[in-house]
Amino acid sequence: MKIYIDGEYYEKDQARISVFDHGLLYGDGVFEGIRIYGGRVFKLNEHILRLFASAKAILLDIPMSPSLMSETVLEAVRVNNKADGYIRVVVTRGRGDLGIDPAKCPKPTVIIIVDDITLYPAEMYERGIAVVTAASRRLAIDGLDPRIKSLNYLNNILAKIEAKQAGCLEAVLLNPQGYVSECTADNIFIIKGGVLYTPATIEGALDGITRETVLELAAGLSLPCKVCALSRYDLYNADECFLTGSGAELMPVVSVDGRRIGRGTPGDLTLKLLAGFRRLAAETAG
Ligand code: PMP
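The rules behind the values
- Residues numbered from 1 in each chain as written.
- Predicted model: local features only at pLDDT ≥ 70, side-chain atom pairs only at ≥ 80, totals over all residues.
- Heavy atoms only, no water.
- Near = heavy atom within 4 Å.
- Polar contact = N/O pair within 3.5 Å; in protein donor to acceptor, adjacent residues only side chain to side chain.
- Nonpolar A, V, L, I, M, F, W, Y, C, P; charged D, E, K, R; others polar.
- Helix = DSSP H or I, 4+ residues; strand = E, 2+ residues; numbered from the N terminus.
- Buried < 20%, exposed > 50% of the residue type's maximum accessible area, 1.4 Å probe, protein only.
- Contact = heavy atoms within 4.5 Å.
- Salt bridge = Lys/Arg side-chain N within 4 Å of Asp/Glu carboxyl O.
- Core = buried A, V, L, I, M, F, W, Y, C linked by side-chain atoms within 4.5 Å.
- Axes fitted to C-alpha atoms, helices over the stretch in contact; angles between N-to-C directions.
- Parallel < 35°, antiparallel > 145°, perpendicular 65-115°, else oblique.
- Left-handed = near helix turned anticlockwise from the far one by under 90°.
- Domains from an automatic or database assignment.
- Buried area = accessible area lost by both parts, 1.4 Å probe.

**Observations regarding the site of the ligand**
1) Next: Close contacts around the ligand come from 16 residues, with Y153, E182, I209, T210 and S246 the closest.
2) Next: With respect to the ligand, the side chain of R50 contributes an N or O atom lying 2.8 Å from an oxygen atom.
3) Next: In this structure, S246 approaches the ligand through a side-chain N or O atom, which is 2.6 Å from an oxygen atom.
4) Next: Partitioning the shell around the ligand into residue classes produces 4 nonpolar, 8 polar and 4 charged.

In structure tokens:
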């Protein structure tokens, strides 16, 4: 594995950054998680645009243009000769001192890791998973806008711990008003009465690239979509439920807080969307 750091490639054991990097000290930075299908990078442009938008929102000047960043990501994939895998792009505020002042960090750190993808077992897609609502909440939008994909994942991690303690893989985070935002690293959708629903970003959801892809697939299937506020009641009474993310793709959910969703098996429309997504990924692979 060859890891890109600030223009150089390093072996995994040699890939190091400073302990004074504000990404480490304060979670001060942004990142992306991107899939490689058949040697091709899925939705690269969308990920690069989101990376730069996140950076702009936190006043972080990425030291290269979006097109050079895209080329560098593609180069890192070639250098690692990876046909199917996962790319993590991280841009931190860079090395500073122990104070939080970002003005002490003259140069952002750019890291690109190309790794294998750890897939969920196939039977989870066939049977669906159970999720619980976490007590840990998504941060208020005026505290940290959920569209910023920042290195601050502590409340997502706390929610993940809650999920695991409950014997589940994933947890639903509510926003401070008690509406559903998303899961620890995935967006959430429900289907009710033939309509697809997902929380708006203003409710605390990341502007997920898989989420957007699913909305496009749904439009192609003439499945009506509503992006709006959802409560736990809406989840409990949904006909179908699923999660989306670059790693998970579309994961069917068959139980929320012990309430069975639909027939307790992945829903028909969910499976149709999953098949559509996999077709797109296969087309990307060529
Ligand atoms: N929400 C959060 C909090 C995430 O970290 C992610 C990415 N894993 C998602 C949603 C899904 O976004 P995407 O489809 O762009 O991977």
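**Considerations on the environment of G27**
1) Next: Inspection of the secondary structure puts G27 in the loop between α1 (22–26) and β3 (29–37).
2) Next: Residue classification places G27 among the buried residues on the basis of a relative accessible area of 11%.
3) Next: Residues G27 and G39, 12 residues apart in the sequence, show an inter-C-alpha distance of 31 Å.
4) Next: Once residues lying within four places of it in the same chain are set aside, the contact partners of G27 are H22, L151 and N152.

**Here we look at the pattern of salt bridges**
1) Next: With the rule as written, the count across this model stands at 13 salt bridges.
2) Next: R93 is the partner of D28 in a salt bridge, and the nearest nitrogen-oxygen pair spans 2.9 Å. Within this pair, whereas D28 is found in the loop between α1 and β3, its partner R93 is found in the loop between β5 (85–92) and β6 (109–115), the two being separated by 65 residues in sequence.
3) Next: On the accessibility criterion, D28 (14% relative accessible area) is buried.

**Thoughts on the nonpolar core**
1) Next: Within the largest apolar cluster, 38 residues are counted, with the highest numbers of intra-cluster contacts made by V172, I188, L196, F242, L243 and L273.
2) Next: Not counting the four nearest positions on each side in its chain, L196 is found in contact with F189, I190, I191, V214, L215, A218, L223, P224, C225, K226, F242 and L273.
3) Next: Counting residues in each nonpolar core, the second largest holds 25 residues, with I48, I58, M64 and I112 among its members.

**Observations concerning the packing of helix α2 (residues 44–57) against helix α3 (residues 66–80)**
1) Next: Across the interface, α2 lies against α3 with an axial gap of 10 Å and an inter-helix angle of 125 degrees. Between α2 and α3, the angle falls in the class oblique. The crossing of α2 and α3 is right-handed. Here L44, I48, L51 and F52 of α2 come into contact with α3, specifically with P66, M69, S70, V73 and L74.
2) Next: Broken down by class, the residue content of the contact of α2 with α3 amounts to 8 nonpolar, 1 polar and no charged.

**Concerning the side chain of R35**
1) Next: With respect to the element layout, R35 can be found in strand β3.
2) Next: A residue is classified by how much of its surface remains accessible, and R35, at 6% relative accessible area, is buried.
3) Next: From its side chain, R35 meets the backbone oxygen of S246 in a polar contact 2.9 Å long.
4) Next: Those residues in contact with R35 that lie beyond four places of it in its chain are R40, V41, F42, G85, Y86, I117, L119, S246, G247 and E249.

**Brief notes about the domain arrangement of the chain**
Interfaces are often sized by the accessible area lost when the parts come together.
1) Next: Each assigned domain of the chain is listed with its residue range as follows: domain 1 (2–115) and domain 2 (124–285).
2) Next: Each partner contributes to the interface: domain 1 provides 24 residues, whereas domain 2 provides 22 residues.
3) Next: For the pair domain 1 and domain 2, the two sides together bury roughly 1800 Å², of which 63% comes from carbon and sulfur.
4) Next: Three residues, F31, F42 and R50, lead the burial of domain 1 against domain 2; their summed loss comes to 33% of the area buried on that side.
5) Next: If you look at where domain 1 meets domain 2, you find 2 salt bridges.
6) Next: Across the pair K43 and E216 runs a salt bridge whose closest N-O atoms are separated by 4.0 Å.
7) Next: Inspection of the domain 1/domain 2 interface yields 10 residue pairs in polar contact (both at pLDDT 80 or more).
8) Next: Of all the secondary structure elements, the ones that give two or more residues to the side of domain 1 that touches domain 2 are α1, β3, β4 (40–41), α2 and β5.

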